[in-house]
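Examination of the molecular architecture
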Amino acid sequence: MSALAVQVMTGLAYGMLLFMISIGLSIIFGLMGVLNLAHGAFFVVGAYVALSVLRGVHSFWVAALLSVLVMATVGLIMERTLLARFYGDELSQVLLTFGLAFIIADVIKMIWGARLQSLPTPSAFDFSFSFGSVVFPTYRLLVIVVGILLAMLLWYLERHTRMGAIIRAGVDDREMVSALGINVTLVFAAVFAFGAGLGALGGVLGAPILGMYPDMGFDILVLSLIVVVLGGLGTWKGALVGAVLVGMIDILGQAYFPSLARVLVFLLMAFVLLIRPAGLFGRRGAVS
Amino acid sequence: MLLMLSLPLFAPSSITGLVTEIFILALFAMSLGLIMGYAGLVSLGHAAFFGAGAYTVAILSQHVSNAYVLLASATLVAAGLAAVSGALFFRSAGAYFLMLTLAFAQVLSSAASQAPSSLTGGSDGLNVTVALNLGFGEINSQTGLYYTMGGAFLIGYVLLRLFVSSPAGMITRGIMDNELRMRALGYRTLDYKLFAYTLAGALAGFAGAMYTYFNLYVTPDFLGWIFSGEALIMVIVGGAGTLLGPALGAAFFTILQNYVSFYTDYWALVMGVVFVLFVLLGRGGIVHIFRSLWGMFFRTGPGGSAEPQNADDRTIPSARKGEMS
Amino acid sequence: MENLNKAFGRLRVLNGVSLTVQRGQRHVLIGPNGAGKTTAFQCIAGLMRPDGGTILLEDKDVSTLPVHARVSLGMACTFQKTSLLDGLTVAENVQLAVTALKPYRFRVWKPLSRHGDLRQDTREILQACGLWDRRDQRVNRLSYGEQRTLEIALALASKPKVLLLDEPTSGMSPAETAQTTALLRRLPRSMALLVIEHDMDVVFSIADYITVLHHGEVLVSGPPDQIRANERVKEIYLSGGAGPRA
């Protein structure tokens, strides 16, 4: 029983990491119609940046913070220079980000090398605690807590701030929002940067558990896409629920049905789409 | 044309091999080009069908040796997968569809990777010993393979041509343009999309099967989304609105891949940059470049070109706002 | 002799709307903005599912049939917001419209252009609508009025028993409006028309029968003279309704 508990917690932690990266993908798509196939890069490069920072500064948290800021800026630049000109031409955006993903993977190889690397667990949390017969790494619990805090923050932002309302409205009807005179450009840029930063946070937090390698962006992207499809585009709740589901099934699957793990995730997604073609929480015209 | 026919006779074997590979990949790319340029379906999972065809030959060849049976089975398996996945995924529009196809390809790739080694060779892939015998002796020489694959390419091209100019093909093109309108005209659009998708899947599977005969080795990478993405790059770089465009893209891609990786490990970077450039410049790929050059020298009258006029402006399908969401 | 019939209950937008279109009748649906005309239209055409009520075409219940199935039964519609195959030429648009009811629409080998009867049918329609000269033009290069006319041409291609037109003259210049009105008047009497229109001149020049919709209910139904003289109708149009042109 304790083994199961550990797996569940691990799955939850993994789910939280997926949540952090998927949030950006989902909101950015829902609001701006941009399907950023290079989104996984924020996750991976974020981890690598933290790695570099750690060589100079010996605080995990500083590295994390810097990484998030750097990636948010990178995201901002990316949005302004490359993606903005293609609003309305969503296919070009997809192709563009796809090409970028390839380029970034190789750039990572050039700068940091191709072998698997990882970040050390921050010393403050580098121990396990026991709860009855369950032995559990505290760091993973931290990840879960961060995820929950993030969800709470998002809930608050959505409910009680103007920004949240704008985003919700924008997801429902983009044209209307700009017609209302809200500075859409600013909103888009901010959302994109926010999504990038969150992805980086996920990457840094996840690095001690998952490690990092140049092609990781692709693998994370695939999982995020499944999360987003499952949960529904443009909704953070969907990203949360989807991520937790996918995280759990992936981990539990790997533990108990190793040869079926990824297939299970896909089956879940297919099943959900059959009953709700727009995902669990999705709304915008996703059904043809 | 003459050059292509006589190539193996004078070219060094590395080039002959390269062109042979291009024939197969061109077929694969053209099949993706069909659904992208004529049905308006953007897929990042087309390799699933290619890989399915490849693996079918690889696995079945251990029990069956008749080439026709193997090729037919591979094509049927791929077609079946396409029909089923199409039926399931078409309910979701644009971006969802894209993501579904991607996930689909990945799942198959993982399945091949994690299946028992005895069946699929696991993540290391499977070595295949199989010789193509179409009834007049085994074809395993460079030259033989060259002509065979060239023939396969031609057959594929002809089939696609026939489809595109047939009523069903024109209808599919109309559906890509405005599905609602076509439904209002009385068409069961789902049927047409499904047919085109299945046809494309079958051709991709056929290409995959041929590839096994050529390469004698299959790996889960043949099924995954990265390979699908490479096909996508071939289609876009070559020109999405035409039949031959993707074939040119395949040639470009393969040649680039072979020569760039000679000089640097980072050929993906180069390819990525080239691809991004093509997207940024928003042109209809290599085909468009050729056409512009041709047009500079010869003025063609209205309706005078072999390809329908509307292929000129259809650089990338469905570039309309809200189309993908 | 009944041709089409609709009886509805759909709260909030349409409330118990019923109307009958006789064979060959030119039945015009009018009403101020928001009266529910387009909703009714979409339900009849099959673009929207009503919450209640039935739609009968020649005594056949088509209420649950999707839009493409209604075409083969003899119903064709045009869209208020022009919806054409933009990347194709005028001729190709009509060809596809005509092919929809041909047996060879499933064929995958013989080129479409080689089907002789197709050329003939396409030519007839294009000439009838005055679009023959523009047949090789790409749709996105046509003028707005020409596009609206093409909308009608596409609907005519299936030789429907009932032709549903949603504001066919909206956005047209006076000359184009006159042309379109003439076209509508030229249509064979074997075809019934159900038209939504705002332009009163057009309404009275083509209508055999008018139904007025207001707040989702049928206000009054009758021949043009009766409607013209109706006090309530005049009230609605003068006070808060639609002007002559949408």
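A count of helical and extended segments in chain C gives 9 helices and 10 strands. Here the C-alpha radius of gyration of chain C, 18 Å, is about what a compact globule of 246 residues would show, namely 18 Å. Overall, the C-alpha framework of chain C stretches about 60 × 40 × 30 Å when taken along its three principal axes. Buried residues in chain C amount to 45% of all 246 residues. Nonlocal contacts in chain C, meaning residues at least 24 apart in sequence, comprise 67% of its contacts between residues at least 6 apart.

Turning our eyes to something else, we now look at the overall build of chain A. When its secondary structure is counted, chain A shows 11 helices and 2 strands. Ordered by position from the N terminus, the helices and strands of chain A form the series α-α-α-α-β-β-α-α-α-α-α-α-α. Taken over C-alpha atoms, the radius of gyration comes to 19 Å for chain A, in line with the 19 Å a tight globule of 288 residues would show. On the principal axes, the C-alpha backbone points of chain A span a range of 60 × 45 × 35 Å. Across the 288 residues of chain A, 52% fall into the buried class. In chain A, of all internal contacts separated by at least 6 residues, the share reaching a separation of at least 24 is 76%.

A word on the environment of B:L76. Tracing the backbone shows B:L76 in helix α4 (residues 67–89). Sequence separation of B:L76 and B:M36 is 40 residues, and the distance between their C-alpha atoms is 21 Å.

Moving on, we get to the interface of chain B and chain C. Listed per partner, the contact involves 24 residues of chain B and 29 residues of chain C. Of all the secondary-structure elements, those providing two or more residues to the side of chain B that touches chain C are α7 (142–165), α8 (167–177) and α9 (179–185) of chain B. If you tally residues by element for the side of chain B that touches chain C, the top one is α8(B), at 6 residues. Among the residues forming the side of chain B that touches chain C, the class breakdown is 11 nonpolar, 7 polar and 6 charged.

What holds strands together in a sheet is hydrogen bonding between their backbones, with the strands either parallel or antiparallel. Residues and elements named next belong to chain C. Here 6 strands make up an open sheet; going across it, the order is β6-β7-β8-β3-β9-β10 and the pairing mixed. With partners counted over all chains shown, the strands left at the sheet margins are β6 (75–77) and β10 (217–222), one partner each. Put simply, the sheet's adjacent strands are angled 15° from each other on average, direction ignored. When β6 meets strand β7 (residues 162–166), the two strands line up parallel, connected through 3 bridges. Residue pairing across strands places M75 opposite V162, the latter belonging to β7. Strands β3 (26–30), β6, β7, β8 (192–196) and β9 (209–214) of the sheet are contacted by helix α1 (residues 37–45), whose axis makes an angle of about 145° with β7.

Before going further, it helps to examine the interface of chain A and chain B. Counting from both sides, the interface comprises 40 residues of chain A and, opposite them, 40 residues of chain B. Sorting the residues of the side of chain A that touches chain B by element identifies α4 (90–112), α9 (216–231) and α11 (261–275) of chain A as the ones contributing at least two each. When residues in the side of chain A that touches chain B are grouped by element, the largest group, 16 residues, is from α4(A). Among the residues making up the side of chain A that touches chain B, the classes are represented as 27 nonpolar, 7 polar and 6 charged.

Turning our attention to the confidence of the model for chain C. Residue and element names in this part refer to chain C. On average, chain C scores 81 in pLDDT, and the residues at 70 or more come to 91%. Least confident of the elements in chain C is strand β1 (residues 2–8), whose mean pLDDT is 59; most confident is β7, at 89. Confidence drops under a pLDDT of 50 for residues 240–246, and excluding neighbours within four residues, the segment shows 14 contacts in the predicted structure. The ipTM assigned to the predicted complex is 0.83, against a pTM of 0.84.

All names here are of chain A. Closest axis-to-axis distance for the helix α3 (residues 60–83)/helix α8 (residues 184–210) pair is 7 Å, and the angle between their directions is 145°. With respect to the hand of their crossing, α3 and α8 are arranged in right-handed fashion. Contacts from A63, A64, S67, V68, M71, A72, V74, G75, L76, E79 and R80 in α3 reach F188, A189, F192, A193, G195, A196, G197, G199, A200, L201 and V204 in α8. The residue makeup of the contact of α3 with α8, split by class, is 15 nonpolar, 5 polar and 2 charged.

What follows concerns the packing of helix α12 (residues 245–263) of chain B against helix α13 (residues 267–281) of chain B. All names here are of chain B. Closest axis-to-axis distance for the α12/α13 pair is 9 Å, and the angle between their directions is 135°. Looking at the two axes, α12 sits oblique to α13. In this structure, α12 crosses over α13, and the sense of that crossing is right-handed. Together, L256, Q257, V260 and S261 of α12 and W267, V270 and M271 of α13 make up the contact between the two elements. Class assignment for the residues of the contact of α12 with α13 results in 5 nonpolar, 2 polar and no charged.

Here the focus is α12(B). Taking 1.5 Å as the rise per residue, α12(B) with 19 residues should run 27 Å; its terminal C-alpha atoms sit 27 Å apart, in good agreement. Taken as a whole, α12(B) has its buried residues at B:G245, B:P246, B:A247, B:L248, B:G249, B:A250, B:A251, B:F253 and B:T254.

The rules behind each value
- Residues numbered from 1 in each chain as written.
- Chains lettered and ligands numbered in written order.
- Predicted model: local features only at pLDDT ≥ 70, side-chain atom pairs only at ≥ 80, totals over all residues.
- Helix = DSSP H or I, 4+ residues; strand = E, 2+ residues; numbered from the N terminus.
- Rg over C-alpha atoms; globule rule 2.2 N^0.38 Å.
- Buried ≥ 20, exposed ≤ 12 C-beta atoms within 10 Å, placed from the backbone.
- Contact = placed C-beta atoms within 7 Å.
- Nonpolar A, V, L, I, M, F, W, Y, C, P; charged D, E, K, R; others polar.
- Pairing = 2+ DSSP bridges.
- Axes fitted to C-alpha atoms, helices over the stretch in contact; angles between N-to-C directions.
- pLDDT = per-residue confidence, 0-100.
- Left-handed = near helix turned anticlockwise from the far one by under 90°.
- Parallel < 35°, antiparallel > 145°, perpendicular 65-115°, else oblique.
- Expected span 1.5 Å × (residues − 1).

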